[in-house]
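One letter stands for each residue in the lines below.
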Amino acid sequence: MMAASKKKSKTPKKSGKPNPSEPLPVPVKNANCGDTEEESIHEEDVDAKMADADSDSADNIPDIIDNNSHRMDDENCGQETKKAVAPDKPKKSKKENVEKDSIDNIIPFMDTFYQLSSEDSPRDRSIAAKDLISHCFYAGSASMKAINHKDAAYALTRLMNGLCTGRAASRQGFASCLSTFLRVVYSPAFNGDGSKFGSALNEILQEDPYAQRLNDKTDSSTDDLDSATIVRKKLLSTTEFLHVEGNDSSKSKGGKKMKGMEERDHAFGRLFGILAIVRSGILGIEKFPPTVVEGYVRDLIDLYQYKKWMREPAAHAIIELVSSLGSYARMTKIANDVIIPNLLLSTSTDDDGAPIEVDASDRTKWMQQLTAEQIAVAVNLQMHQHQNNSYDSPLHEPLLTAKTVCTLAAALAATSNVVLPRCHVVWNAIWTYLTEEVQSVDKAGAPLAKEGKTILAQSMMTHRILNSTENELIIEKIIHHVVVVLLLGKGEESISPTHERRSLALQIIQTLTGSKEMNIVIPSSLIDSALCPEVVEGVFLNVMCASGGLTKRKAKSMGAGNDGPGVEHYLKPLTSAALLSLSDHSGGDDLVTRRMAIAKALLTAEARFDSLTKTQTVSSILMLERNVGEILQESEKQQVCELWGSYVTFLEEQVIKAKNLHSATSYIELMYKFAKKDLSTAPAAHARRVARFFMSGSFFDCSSLNSPQADRKTIPKNKKRGKKHDATKATEQSHTPAELSSGFRIKDLLSASDQKSIPQPVRSLMSARFFSIMSDFISTINTQHRGRMTNQFYKGDKSQAVYRALSEVCGICSLLESSGAKAFHYTSEDENEEEHENPMDASGRLLRQVQNFADETLVRECTSSNSNGDMRSQSSFATGCASLLMSLSLQLYTCIKCDQPDKDEEDNTDEDYETIHEYISDLGEIVTEFKHVISNASKIELNDDRENPMALMATLVVNILSSPIGGEDLGNKNPVQASASKLTREVIKMAWSGALSLITELSEHGHASAKLVDEDVMITVIESVCGLPSGAGPDSNAEEDGESDEESAVFVEASNIDMHLDDSKENDSVSAQSDKDIDVEDGVELDPSQLENMLLEDSDVELGESGQLEHHEGADAALAQLIKLKKDAKKAAQSQREQVELRNRLRCAMLLDSLFSASVLKSNVLPVEAVLGSLVPILRARKVISKNIQATSDSTLAKRSLSDKNALLDRLSSIVKEKISKYRCKDESLSSDASLKASAQIYEELSHSLNAADCSCCSIALITALRCVPDVEGSDQVKEIYAEAVKDWSKKKSTKIHSCVFDDLVLRMPSLAAVVLIEPLCNAVHESSASFIKSESIRVLSLIYKHGTVKPQDDAEHNAEHSLSQRAISAMKDNSNKVAFLLTEVLNSKGMKAKHRDAVLNATKLFIQYVKRNEAVSMCSSELIPLKESLESVVKESKGVGTKQLCEQVVEIIAEMLKSGGVDSTTKTVKKGRTPKKSIKKAKK
C-alpha cells in the first residue's frame, strides 16, 4: 500500500454516471499552513473555489467548482451530441486538452497522497485533495450518502503522518487536505440531525488502530470517548518530539534517538496540524468541547516555548485560533484560563526549560520582559475584547498606549531580524488594533465604484482608518521611539542603522502611508510625523544616494569583470518600489491635503529630493508631470490647481524661513522650475504668482506695505481701541488688490519669522529668477506664436503679449511703491541735489510717455478699419520700444548696494545705474523722432535738420548689446546681470524688428522713409558684427594706457606662486619660451612685497649699511619669474577682452539677421549700395575668424574662445548664404558700376579664400552682386571674371578657387552659367592634362546642359530665375558639337581613374539626353558615332557591372537618335572604315 502511494497512476479511471456504491464529490476547503517552516503560516491560493452549503437542505453538499473548467463530459453524451458541435468552433490547444483531461480523470485513491506533495502548482494539490475527499465521502441527496470508513480512517492517519514530512510541498498539501477532511466529517450532512456531535468521525475512528489501542488502555468503548479528544491525542502522538513530551517513548523512534532535523519536522508537523484544525472551522462549532480547544492552545504555547524560531509561527497560530472561536465569552475564558497565565505571565524559562512565572504587579517591568510575539497575542486579545467580558490582570488595562510605546519599543524594534521583505506578525496585529475597515465613499457619501474612480482618487474601494483620536498619538510615539530612535539610530544612544533595521523602518512607513496591502489611510496631520526629516533621510535618501556596496566593489557577474557596474545598495530596489507606491497611493477623500502633506514632508527634509534620489516621486505626488489642459474633468482641474496653489504657498514659506543661502536657493529653484512648466499653459496663473513673489521680495522692502489710500477711507471708525485694530486689519485684507497679494504675503511671513527683511544674497537669487521667468515667457510666446492661441493672455501679436506682461509687472512695481513699499534700488549722489531732476523721476516720466504712445497705437489698430498693416506696424514698433524701456527700468531695481561692497563693485554699480538712465533717455528721444517720422512720412527730405532716428536706434541697441546691461561683463560678480540681460536682448529683438517693420510698411505706401536706412545705419550694424577696421578701434591705444596698470598688477599676482630662487637657469629658460607654450590660470592674486620677502628669506642675503637690499643672484631668478608672470597676465587679459568682444559681436549678429530678413529685402527699403557694401566686410571678417581658428593653439587660454569663434563663423556664413543671397534688386534704372565694383571686390576675396567653406561664401556673395547688374549676360566684365576664375582653377596648383564656385553659379543662375562658363570649361578640358580637371570640367558642363532638359514648374518666380534665356540656349547649342568632341576625346584617353571616368560617363548621359530632347540641336553622325564607339570600347574594357549598364544605356540612346535621323548609310560607311583598323591591329600583333 505504501509503495502504491508513491506511484503515479498512468491510466486513471474516467468519471462516469453517478453510482450509489461510489462516493461523490464533496466541498473542499483548502488550508495551507505555510510555505516554509521558519516563516509565518499563510493560506495558499488555490484555483478551486468553494460554494457554501444550502441553508434550506442540510443534506445538500455542493460540488467543487474549478476556475478553469468543469466536469461536463458524461458517458451518456453520445456521438450525436459530439456531431452537433458547430464546424467553425475553434480548435482547443494542446495545453487546454491536457488540462481538461487532468480534470476529467479522477486520480486513484492511493496516488492522491503522492500528488498532495506536488510542488509544481497549488492547483495540482487541490485536485488531489478533491479526489481524495470524493473517494472517502459520498453525498448525492438526502437518501444517498455514505462514508468509506476504512479508507477514511487510513486517509486520516496518512494525512497526519504527512505533516511531519519535509519533502517538496508535503506539509502544505497534507495540511490543506486535512483541514477539508475535518470540515466535511463534521458537516451536518454526515452527522444526521445533529443530536450527536461528531458521530461520523466516531464511525471512522472505529477503523483506526490508534483509537482502538487508546480504547483498550482506557477500558472504554470508542463511542464513550469524545472524537475531538481522540483526534487531538492522535495528532500529538503522531507529531511528538523530544523536548515537549514527557513520555520516554518519545525520545526514540524505532529504538533510535530522534535526530535534530526529524525533531524539527515533527514540531512543524504539529504546528501545521493544529492550524489545519483551526482553518477547518470546527473549533467555532458551538458543541465543540472547550477542553479540546484549551488543549490546542496549550499545545501552541508549548511550541512557543520550544525554540525561539518557533515563537512567531506559534503566536500567529494562537491569534488565528482565538479569532476562529466566534464567541467573546469563549475567547475571554481561554485567555484568562490558558493564555494569560501560561504565555503572557511566563516570559522566561529556567535551566530545565520550564517557564518561570512573573509577578504582574510591576506592570512596567512586566512589559519590558515581553517579546514581540507576546505583544501580538495580547494586542489581538484586547482588539476582540467585548464590553461585557473582561480579561484578568495584566490585560485588564490596554497594553498599547501612548505611554507604553516607549517601554515596548525595544521588543518591537527587535523584529527587524525577520527575513525580508516579510513583516513580523506583531505589526499586523498593531495596525489591525489601531484601525478599522471602512468603505470608500465620494463627496456625496455614496460608495465609490470602480468606474467612478479617477486618476486623482487612487484609493482602494475599502481602506482602514484610525478608530480613535488617541491612536494618532500612539503612531507618533511608534515613529519616534521605534523608527527614529532604535531603527535609524537618531537617539542619544548611537545605534548603527543596519540593512535589517532600515528595512523594517521602510515597511512601517509604507504601511502608514497607505502603500502596503492593508491600505491604511492616516490623517494628513500625521504624515509630517510619519515622514519626519529623520525618517526621510534615513530610509530614503541614505539608501537611494548610496554609491554601492562595501568599498564600492565592482560586480563581476555576467562577464562584467573589474570594469563592471557598481553594486547598488542592498535596499535600493525595495526603496524604489516604496517611493513608486507612495506616489500611486497618495489619493483619498482629502486628495489635495494628503498629497501636499506628503510632498511637504519630503521637501522639508530635502528640497532636492527628486534630483538626489533620481526619481519623480515629488513630481508625481504633485502631478507636475501633467498638463492642466490634458485633464478633461473640471473637478480634476480644480483639484490640480488647488494642489499647485498649496505647493507655491509652501515654497514661499520655505524661502522666507530658510536659515541659510543653500536652502533658500533650493526652494527658489523649485519655484522657478514650476513656474517655467506652468508657462506652457495659459493663463499661467501660478507662474505669474511666482513672478510677483520674486519681484516683490527682491525689489522692495514690504515691511511697511499698506493698503492703497483709496481703500483706507472705507475703514469704519470704532470707539473701542481693541476692536479698531482688528477691524482695520480685516478691512485691509478684504480690500487688498491681487497685485499686492505677494507683497502682503512676504510681509506676513517676515513678521512670523521675526525677520526685518530678506537677506541680500537671497534677494539677488530671487531677482535673477524673476528675469529668467520673464525671458522664458518670451521664449514660450516665440514657440506658440505661429500656433493657434485661444487664451486671452496669449492672444494678439508677440510684441503685444510681451508688452502686456511687462506692463503688468511695471504696474505692480508702481502700486507697491505707492502703497508704502520701499525699493532697494541704487541711489546716486546726484539724486540728493535739488538742482538736478531725479533720474528715477525722469526715467519714470519717459516710461509713461512711451506707454501712452503704445496704448494709443493699440487703440488705433483696434478701431481702424484699414487692413493694410499701417496700424499694425506702428503698434509693433511702439510696443517693442515700450517693452525695451520697461526692461531697462526693471534693471534699475537690480542696481542694489551690497551690505559690504568693495570699491570696484560700488563703482560698477554706479556706472550701470547711470548707463541705464542714459539708455532710457536716448530711447525716449528715438521714439519722439519716430513719432515725427510717422506724422510727416511723406515730407522727409535729405537736408532735414533732424537726426535720423534709425541711426540713433542702431547706435543705441548696439551699445546696449555691447554693454553689461544687454550683454555680459566677465569681471562683474552680480548674479542678476545674466538673467536681466537675457530679457533685455529678447525685447531688443522686438524693438529692432518693430522699427524695421515700421519703415517697411511706410515704404510700401510710397513714403520717403526708405531714406532712414542710410550709410550710418549700415556702418553701425556692420561694424558691431564684423569688428572695427584695423587701427580704428577704441582699444587701439589700450596697451599704452593700461601698461602701468598691468605692471602694478604683476606684483599683485605674484604672491600665490611658488618660486624657487635657486633654479635660475630653469627660470631663464622659462622666460625665453614662446608665447604659445605659456599657460597660466587666471584669477591669481599677488602681494606687491613678495619679491622683497622672497629675497629676505634667503639665508645668504645680507643687508648693507644703508639697510637696503644688496644684489643677489636670487633676485635675477625672481625678476625672471615676475616678467613671465607679467606676460601671462597680459595674455589672460587679452584673451578675456577677445572673448567679450566675440560674444558682443555674436549678440549684435541678430541685428543683421533682422535687417536682411525676407520681408525687409522684398520691400526694397535697403539701398543696393547698402546690401552690396556689406558683403565684403562680412567676408573679410569671416576670413579673419577662420584664420584665428586655424591658428588656435592647444593652450587653455586659446581654447576658451574657440566655441565663440566657431559660433560667429557659422552666424556670418548663415547671413551670407541664407539672408543676403535672397536679395533681388528692383531698381531698373540703377547703374551697373556699383554692382560690378562690388563683384570685382568679392572676386578678389574669392581668389584669396582660405578653404572650401570660405570659397563657397564668396561664391554666393558674388552671385548676389551679379544679380544686381543690369543685363548681366551681356556684360564683358562678368565674362572676364568667370573666365579668369576657370583659368586660375584649372591651371594653378596653388589655386584658392574651388569647383563649388561654378556649381553655385549653375544652381542659382543657370542662364548666366551657360553664357560665361561653357567656353572656358571646354578650353580647360582641352588644355589641361590632369584627369581631375577634365572630369570636373565635364561634370560642370553636364550640369549646365541638364538645365536644358528640366521642365518648367508652377512657381513663376522659380521659373523666372531658373529658366534659360535665348543667349544661354544659343550658347549651349553652339557649343554642343565641341562638347561631344571633348567627351569622345576624354573617353578615349588612357590612364584615367575609375571615379573620374564614371563622372565623365554620367556627364555623357546628361549631354545625350539634352541633345535628344532638343530638336533644334543639330548633331551630325560624324560627331555621335565616335562617341558611341568610345562608349562601346569602355564597355569592353570595364569590369564593373554598373559602368557597363550605364554605357549600354547611352549607346542605345545614340543608336535611336541615329536611326531616327535617317543616317543609316553614313553609319555603314563608318563601319566599313573600321575593318582596316582592326586588320592593322592584327597585322601589328
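Residues numbered from 1 in each chain as written. Predicted model: local features only at pLDDT ≥ 70, side-chain atom pairs only at ≥ 80, totals over all residues. Heavy atoms only, no water.

1. Some details on the overall build of the protein
From N to C terminus, the protein includes 64 helices and 14 strands. When each of the 1485 residues of the protein is scored for burial, the buried share is 48%. Across the protein, the fraction of contacts at a sequence separation of at least 24, relative to all contacts at a separation of at least 6, is 74%. (Helix = DSSP H or I, 4+ residues; strand = E, 2+ residues; numbered from the N terminus. Buried < 20%, exposed > 50% of the residue type's maximum accessible area, 1.4 Å probe, protein only. Contact = heavy atoms within 4.5 Å.)

2. A word on empty space enclosed by the protein
Tallying each qualifying case throughout the model produces eight cavities of 30 Å³ or more. Along the walls of the largest cavity sit 16 residues, with Arg688, Ala691, Met774, Ala805 and Val809 positioned nearest its centre. Among the elements of the structure, helix 29 (685–699), helix 33 (760–784) and helix 34 (798–818) are those that each provide at least two residues to the lining of the largest cavity. When its residues are assigned to classes, the lining of the largest cavity shows 13 nonpolar, no polar and three charged. Taken as a whole, the second largest cavity encloses approximately 60 Å³ of empty space. Considering the residues around the second largest cavity, the lining is formed by Ile1338, Leu1341, Ser1342, Tyr1345, Val1379, Leu1382, Leu1383, Ala1403, Thr1404 and Phe1407. Elements supplying a minimum of two residues to the lining of the second largest cavity: helix 56 (1331–1346), helix 59 (1376–1388) and helix 60 (1394–1413). (1 Å grid on protein atoms, 1.4 Å probe; cavity = no way out; pocket = protein on both sides within 12 Å on 5 of 7 lines; lining within 4 Å. Points joined across faces, edges and corners; volume = space filled by probe spheres on them. Nonpolar A, V, L, I, M, F, W, Y, C, P; charged D, E, K, R; others polar.)

3. A look at the pattern of salt bridges
A full pass over the atoms with the stated rule returns 30 salt bridges. Between arginine 363 and glutamate 397 there is a salt bridge, with its nearest N and O atoms 3.7 Å apart. Here arginine 363, found in helix 15 (residues 363–368), pairs with glutamate 397, found in the loop between helix 16 (372–383) and helix 17 (405–413); they are 34 residues apart in sequence, far enough to count as distant. When its relative accessible area of 39% is taken as the criterion, glutamate 397 is described as partly exposed. In this structure, a network of salt bridges that share partners links the residues Glu652, Glu653, Arg689 and Arg745. (Salt bridge = Lys/Arg side-chain N within 4 Å of Asp/Glu carboxyl O.)

4. Side note on the side chain of histidine 1396
Take histidine 1396: it is sitting in helix 60. Those residues in contact with histidine 1396 that sit more than four places away from it in its chain are Ser1331, Phe1332 and Ser1335.

5. A look at the environment of glycine 743
Positionally, glycine 743 belongs in helix 32 (residues 741–752). Discounting chain neighbours no more than four positions away, the residues touching glycine 743 are Ser696, Cys702 and Leu705.

6. A short note on the packing of helix 48 (residues 1175–1190) against helix 51 (residues 1233–1246)
Taken N-terminus to C-terminus, the directions of helix 48 and helix 51 make an angle of 10 degrees; their axes are 10 Å apart at the nearest point. On the basis of their axis angle, the class for helix 48 and helix 51 is roughly parallel. Along the contact surface, helix 48 presents Leu1175, Val1176, Leu1179, Arg1180 and Lys1183, while helix 51 presents Gln1241, Ile1242 and Glu1245. Looking at the contact of helix 48 with helix 51 residue by residue, the classes come out as four nonpolar, one polar and three charged. (Axes fitted to C-alpha atoms, helices over the stretch in contact; angles between N-to-C directions. Parallel < 35°, antiparallel > 145°, perpendicular 65-115°, else oblique.)

7. Side note on the packing of aromatic side chains
Under the defined criterion, the tally for this structure stands at 23 aromatic pairs. Aromatic pair phenylalanine 268 and tryptophan 309: ring centres 5.4 Å apart, planes at 15 degrees, arrangement stacked. Remark: tryptophan 309 occurs in the loop between helix 12 (290–304) and helix 13 (311–323) and phenylalanine 268 occurs in helix 11 (residues 260–279); sequence separation between them is 41 residues. The buried category is assigned to phenylalanine 268, whose relative accessible area is 0%. Aromatic ring contacts, followed pair by pair, group Phe699, Phe700, Phe770, Phe771 and Tyr893 into a single cluster. Positioned above the aromatic ring of tyrosine 306 is the side chain of lysine 307, whose terminal nitrogen or guanidinium carbon lies 5.7 Å from the ring centre. Here the basic side chain of arginine 763 rests over the ring of phenylalanine 824, its NZ or CZ set 3.9 Å away from the ring centre. (Phe/Tyr/Trp six-rings, centres within 6.5 Å; stacked < 30°, edge-to-face > 60°. Lys NZ or Arg CZ within 6 Å of the ring centre and 35° of its normal.)

8. A look at helix 50 (residues 1202–1219)
With 18 residues, helix 50 ought to run about 26 Å at 1.5 Å a step, and its terminal C-alpha atoms sit 25 Å apart, in line with that. Those residues of helix 50 not exposed but buried are Asp1204, Lys1205, Leu1208, Leu1209, Leu1212, Ser1213, Ile1215 and Val1216. (Expected span 1.5 Å × (residues − 1).)

9. Quick look at helix 13
Given 3.6 residues per helical turn, the α-helix brings residues three or four places apart onto the same face. Counted at 1.5 Å a residue, the expected span for helix 13 with its 13 residues is 18 Å, and the 18 Å between its end C-alpha atoms agrees. Counting buried positions along helix 13 yields 10 of 13 residues, so the element is predominantly enclosed. Taken together, the buried positions of helix 13 are Glu312, Pro313, Ala314, Ala315, His316, Ala317, Ile318, Ile319, Leu321 and Val322. Those residues of helix 13 that are buried are in contact with helix 11, helix 12, helix 14 (328–344), helix 16 and helix 18 (425–434).

10. Some points on the environment of phenylalanine 1302
Following the sequence through the fold, phenylalanine 1302 ends up in helix 54 (residues 1300–1308). According to the relative accessible area criterion, phenylalanine 1302 is buried, its value standing at 0%. Sequence-wise, phenylalanine 1302 and serine 1337 are 35 residues apart; in three dimensions their C-alpha atoms are separated by 9.4 Å.

11. Considering the confidence of the model for the protein
As a general rule, the predicted coordinates of low-pLDDT regions are not to be interpreted in detail. Overall, the prediction assigns the protein a mean pLDDT of 76, with 70% of residues at 70 or greater. Across residues 1–92 the pLDDT falls below 50, and counting only partners more than four positions away or on other chains, this stretch makes 178 contacts in the model. The low-confidence segment residues 246–255 (pLDDT under 50) makes 12 contacts with residues lying over four places distant or belonging to another chain. (pLDDT = per-residue confidence, 0-100.)

12. Thoughts on unusual backbone geometry
Between serine 393 and proline 394 the backbone carries a cis peptide bond, its omega angle lying at 15 degrees. Tracing the sequence through the fold places proline 394 in the loop between helix 16 and helix 17. For aspartate 754, which is not a glycine, the phi torsion comes out positive at approximately 55 degrees. Locating aspartate 754 in the fold gives a position in the loop between helix 32 and helix 33. Residue aspartate 1271 is not a glycine yet carries a positive backbone phi of 50 degrees. With respect to the helices, strands and loops of the structure, aspartate 1271 is situated in the loop between helix 52 (1252–1267) and helix 53 (1276–1291).

13. A few points about the environment of asparagine 838
Position of asparagine 838 among the secondary structure elements: in the loop between strand 14 (822–823) and helix 35 (839–863). A relative accessible area of 22% means that asparagine 838 is categorised as partly exposed.

14. A short note on a negative patch on the surface
A cluster of acidic residues, Glu911, Glu914, Glu918, Asp922, Glu925 and Glu947, forms a negative patch at the surface. Inspection of the secondary structure puts glutamate 947 in the loop between helix 37 (903–935) and helix 38 (949–961). (Patch = residues over 30% accessible without salt bridge, like charges linked within 9 Å, V, L, I, M, F, W, Y side chains within 5 Å. Areas by Shrake-Rupley, 256 points an atom, 1.4 Å probe, with all protein chains shown as cover. Lys, Arg positive; Asp, Glu negative; His and termini not counted. Charge placed at Lys NZ, Arg CZ, Asp CG, Glu CD.)

15. Observations concerning the nonpolar core
One finds Trp992, Tyr1282 and Leu1317 to be the most contacted residues of the largest nonpolar core, which totals 381 residues. For this core, the element with the highest residue contribution is helix 39 (residues 977–1004), accounting for 12 residues. When sequence neighbours within four positions are dropped, the list of residues in contact with leucine 1317 reads Tyr1282, Val1286, Phe1302, Leu1305, Val1306 and Ile1344. (Core = buried A, V, L, I, M, F, W, Y, C linked by side-chain atoms within 4.5 Å.)

16. Some thoughts on the state of the cysteines
Throughout the structure, instances matching the rule amount to zero disulfides. In this model cysteine 136 remains outside any disulfide bridge; the closest cysteine sulfur is found in cysteine 177, 8.0 Å from its own. Given the relative accessible area of 1%, cysteine 136 is considered buried. (Disulfide = S-S within 2.5 Å.)

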